[in-house]
Amino acid sequence: LPSSWDYRRVPNAWLTFVGSDIISTVEFNHTGELLATGDKGGRVVIFQREQESKNQIHRRGEYNVYSTFQSHEPEFDYLKSLEIEEKINKIRWLPQQNAAYFLLSTNDKTVKLWKVSERDKRPEGYNLKDEEGRLRDPATITTLRVPVLRPMDLMVEATPRRVFANAHTYHINSISVNSDYETYMSADDLRINLWNFEITNQSFNIVDIKPANMEELTEVITAAEFHPHHCNTFVYSSSKGTIRLCDMRASALCDRHTKFFEEPEDPSNRSFFSEIISSISDVKFSHSGRYIMTRDYLTVKVWDLNMENRPIETYQVHDYLRSKLCSLYENDCIFDKFECVWNGSDSVIMTGSYNNFFRMFDRNTKRDVTLEASRENSKPRAILKPRKVCVGGKRRKDEISVDSLDFSKKILHTAWHPSENIIAVAATNNLYIFQDKVN
């Protein structure tokens, strides 16, 4: 990040989703040219970077709507008398192999592989069909025509290529594409399944933590991700604040972990809420594959794969809420699941908070900043001003009191461009795109 820590809002770079279409996931593709969002209404909206803006420093973060499609519909499980929400829980891109783009999207039960492609030509001059597509009488065909391709307005099509269903009893919370690009995994509360992209009717169960007696259940799986370079390695986190690293070469069923990451609890900080706030809501490998980042309710932690007994870095996201845990428990905010992301070089991490605040931590300089994503203070090209929260005592003019934070405005989902300082921040039903300040 630049030393100024300034971020500008990109002109016209927010999209308002209406009604129940609260953004539920945000993801850049591997090049950063496309940005996908999923929402509570089951829709996927893909934004494409403006080609002209790449060469213009002040406009290089401009994205426009590229394609919109309905990924999932609401369903009903008649055996269990349960509604299955259409909400998109996660989107993951596959690396681009040809002119088309491929992405995985999932709701609580079903994962779909989508192909997004462009069409700017259409075939004309069929022999057995007329111009309106109706079949012609073969007896009337006296000459043989060669069909030709005619130019047409550019059309972006999204088609489902695979549907991976009926493999999860519980709600899917994570999907992760393997570095072999032949397989991916999907994780729910108690199980993790391994899929081959070509096979939709069979998956391999690689983790199963369901006890024989459900009354003995003490923890659930909260997130899972494959290693970015080693196709045999993956991690998953739990509601007890632990992370397990598994190696698929060791055994087909990875119930026995290879490494177990856990920080000993400080007895002096023990409280009624300790177990709830220690639950890990997100886990991410660094791009290098050397580190793991985890997010719990109050902190972001960075773990070295070679050191299991404690994290090498701990960042306080909103420690001023520690005194508010009782009221956060009563309004259910304490169960919010915040995500975290690395920048392209693994030197800065970003995560969300309340009041439409999001936090950035520089791992090298140990500096941090709180920024706000809101329409009121985000005019095009305006520099975002760092925000400060006043915990007690006299409040300064530019500070906001912890008692006046709006807990209904929360940033759970963020994304960072894979190689540039361009970030996407989802604030309920608004998507903001920011780029770093250029002098």
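Owing to the predicted nature of the structure, the values given are computational and were not obtained by experimental measurement.

Our focus in this paragraph is the sheet that holds strand S18 (residues 243-247). Pairing within the open sheet is antiparallel, and its 4 strands lie in the order S16-S17-S18-S19. The strands lining the two open edges of the sheet, one partner per strand, are strand S16 (221-226) and strand S19 (259-261). Taken over all neighbouring pairs, the strand axes of this sheet differ in orientation by 20° on average, direction set aside. Here strand S17 (residues 233-238) runs beside S18; their pairing, made up of 5 bridges, is antiparallel.

Bringing the sheet that holds strand S12 (residues 174-177) into the picture now. What the 4 strands build is an open sheet, ordered S12-S13-S14-S15; its pairing is antiparallel. Two strands close off the open sheet at either side, each with one partner strand: S12 and strand S15 (204-208). The sheet shows a mean angle of 20° between the axes of neighbouring strands, direction not considered. Both strand S14 (residues 191-196) and S15 contribute to a ladder of 4 bridges, which runs antiparallel. Looking at the pairing, Arg 191 lines up with Asp 208 of S15.

In this fold, Asp 346 is placed in the loop between strand S24 (340-342) and strand S25 (348-352). At 2.8 Å, the side chain of Asp 346 and the side chain of His 287 are in polar contact. Looking at Asp 346, its side chain comes within polar contact range of the main-chain nitrogen of Ser 288, at 3.1 Å. Discounting residues that sit within four places of it in the chain, Asp 346 has contacts with Ser 286, His 287, Ser 288 and Arg 363.

Turning our eyes to something else, we now look at unusual backbone geometry. Of note in the backbone geometry, Asn 166 takes a positive phi value of approximately 60° without being a glycine. By secondary structure assignment, the location of Asn 166 is in the loop between strand S11 (148-164) and S12. Judged by its relative accessible area of 80%, Asn 166 falls in the exposed class. We note that Asp 332 has phi near 70°; this positive angle belongs to a residue other than glycine. In this fold, Asp 332 is placed in the loop between helix H2 (325-330) and S24.

Turning next to the side chain of Arg 92. Residue placement: Arg 92 occurs in strand S8 (residues 90-93). A polar atom in the side chain of Arg 92 sits 3.1 Å from the side chain of Glu 27. The residues contacting Arg 92, other than those within four sequence positions of it, are Glu 27, Leu 103, Leu 104, Ile 175, Val 177 and Lys 284.

Looking now at a nonpolar patch on the surface. The grouping of Phe 272, Tyr 329 and Phe 335 at the surface amounts to a nonpolar patch, some 330 Å² of accessible area in total. Along the chain, Tyr 329 turns up in helix H2.

What follows deals with the pattern of salt bridges. For the structure on display, the rule yields 25 salt bridges. Notably, a salt bridge pairs Arg 49 with Glu 33, separated by 3.8 Å at the nearest N-O pair. In this pair, Arg 49 sits in strand S4 (residues 43-49) while Glu 33 sits in the loop between strand S2 (23-28) and strand S3 (34-39), placing the two residues 16 residues apart along the sequence. The same class applies to Arg 49 and to Glu 33, which are both buried. Between Lys 324 and Asp 403 there is a salt bridge, and its shortest N-O distance comes to 2.4 Å. Linking Lys 324 in the loop between strand S23 (313-316) and H2 with Asp 403 in the loop between strand S29 (399-401) and strand S30 (413-416), this pair joins segments that are 79 residues apart in sequence. Residue Asp 403 is classed as exposed on the basis of its relative accessible area, which comes to 58%.

Mapping Lys 259 onto the fold places it in strand S19. The class of Lys 259 is partly exposed, set by a relative accessible area of 23%. Among all residues touching Lys 259, those that are not within four sequence positions of it are Ile 243, Arg 244, Leu 245, Leu 305, Asn 306 and Glu 308. A polar contact is formed between the side chain of Lys 259 and the backbone oxygen of Leu 305, at a distance of 2.7 Å.

Next up on the list: the packing of aromatic side chains. The geometry of an aromatic ring pair comes down to the distance between the two centres and the angle between the two planes. Counted by the stated rule, this structure contains 22 aromatic pairs. Ring geometry for Phe 76 and Tyr 78: centres 5.1 Å apart, planes at 65°, overall edge-to-face. The class for Tyr 78 is exposed, based on a relative accessible area of 70%. Ring geometry for Phe 272 and Phe 273: centres 5.1 Å apart, planes at 80°, overall edge-to-face. Members of the aromatic cluster, connected to one another through ring pairs, are Phe 164, Tyr 184, Trp 195 and Phe 197. Its guanidinium or amino end placed over the ring of Tyr 291, Arg 363 lies 4.7 Å from that ring's centre, counting from NZ or CZ.

The side chains of a regular strand alternate, residue by residue, between the two faces of the sheet. Because side chains alternate across S12, one face comprises the buried residues Ser 174 and Ser 176, and the other comprises Ile 175 and Val 177, equally buried. Note: S12 against strand S13 (residues 183-187), 4 bridges, orientation antiparallel. Looking across to S13, one finds that Ser 176 is bridged to Met 185. Taking the residues that link successive antiparallel strands as the turn, the S12-S13 hairpin has 5 residues, and the phi of Tyr 181 there is positive, at about 55°.

As a further point, take empty space enclosed by the protein. Any space left empty among the atoms is revealed by the rolling of a water-sized probe across them. Within this structure, the stated rule accounts for 1 cavity of 30 Å³ or more. The space that makes up the largest cavity amounts to roughly 90 Å³. In terms of lining, the largest cavity is formed by 15 residues, of which the most central are Lys 90, Arg 92, Ser 174, Ala 224 and Asp 282. Listed by contribution, the elements that provide at least two residues to the lining of the largest cavity are S8, S12, S16 and strand S20 (282-285). The biggest single contributor to the lining of the largest cavity is S16, with 4 residues. For the lining of the largest cavity, the residue count by class is 4 nonpolar, 5 polar and 6 charged.

Rules behind the numbers
Each residue is numbered by its place in its chain's sequence as written, counting from 1. Residue-level local features of this predicted model are given only where pLDDT is at least 70; pairs of side-chain atoms are given and counted only at 80 or more, and the full residue set underlies all totals for whole chains, interfaces and linings. The side-chain numbers reported here are obtained from all heavy atoms of the structure, hydrogens and water having been left aside. Here a strand pair is declared whenever DSSP counts at least two bridges between the two strands. For the purposes of this entry, the term helix denotes a DSSP run of H or I that reaches at least four residues, the term strand denotes a run of E that reaches at least two, and both are numbered from the N terminus. Orientation is described by axes fitted as lines to C-alpha atoms, over the contacting stretch for helices, and by angles from 0 to 180 degrees between their N-to-C directions. We define a polar contact as two N or O atoms separated by no more than 3.5 Å, with the added condition that, inside protein, one atom must be a possible hydrogen donor and the other a possible acceptor, whereas residues neighbouring each other in sequence contribute only through side-chain atom pairs. Note on contacts: a residue pair is in contact if any heavy atoms of the two residues lie within 4.5 Å. Partly exposed describes any residue whose relative accessible area lies between the buried limit of under 20% and the exposed limit of over 50%, with all areas from a 1.4 Å probe on protein chains only and scaled to the type maximum. What goes into a patch is any residue over 30% in relative accessible area without a salt bridge, connected to like charges within 9 Å or, for nonpolar side chains (Val, Leu, Ile, Met, Phe, Trp, Tyr), within 5 Å. For accessible areas, the Shrake-Rupley method is used with a probe of radius 1.4 Å. Any residue's cover is judged against the shown protein chains and nothing else. Note on definitions: salt bridges are taken to be side-chain nitrogens of Lys or Arg within 4 Å of carboxyl oxygens of Asp or Glu. Pairing of aromatic rings covers Phe, Tyr and Trp, the last counted by its six-membered ring, and requires centre-to-centre distances within 6.5 Å; plane angles under 30 degrees mean stacked, over 60 mean edge-to-face, and any other angle means tilted. By definition, being over a ring means that NZ of Lys or CZ of Arg is both within 6 Å of the ring centre and within 35 degrees of the ring normal. Both cavities and pockets are sets of points on a 1 Å grid over the protein atoms alone; in a cavity a 1.4 Å probe fits but cannot get out, in a pocket the set is open with protein on both sides within 12 Å along at least five of seven lines, and lining residues sit with an atom within 4 Å of a point. Grid points are joined across faces, edges and corners, and a volume is the space filled by probe spheres set on the points. In this classification, Asp, Glu, Lys and Arg are treated as charged, Ala, Val, Leu, Ile, Met, Phe, Trp, Tyr, Cys and Pro as nonpolar, and every other residue, Gly included, as polar.

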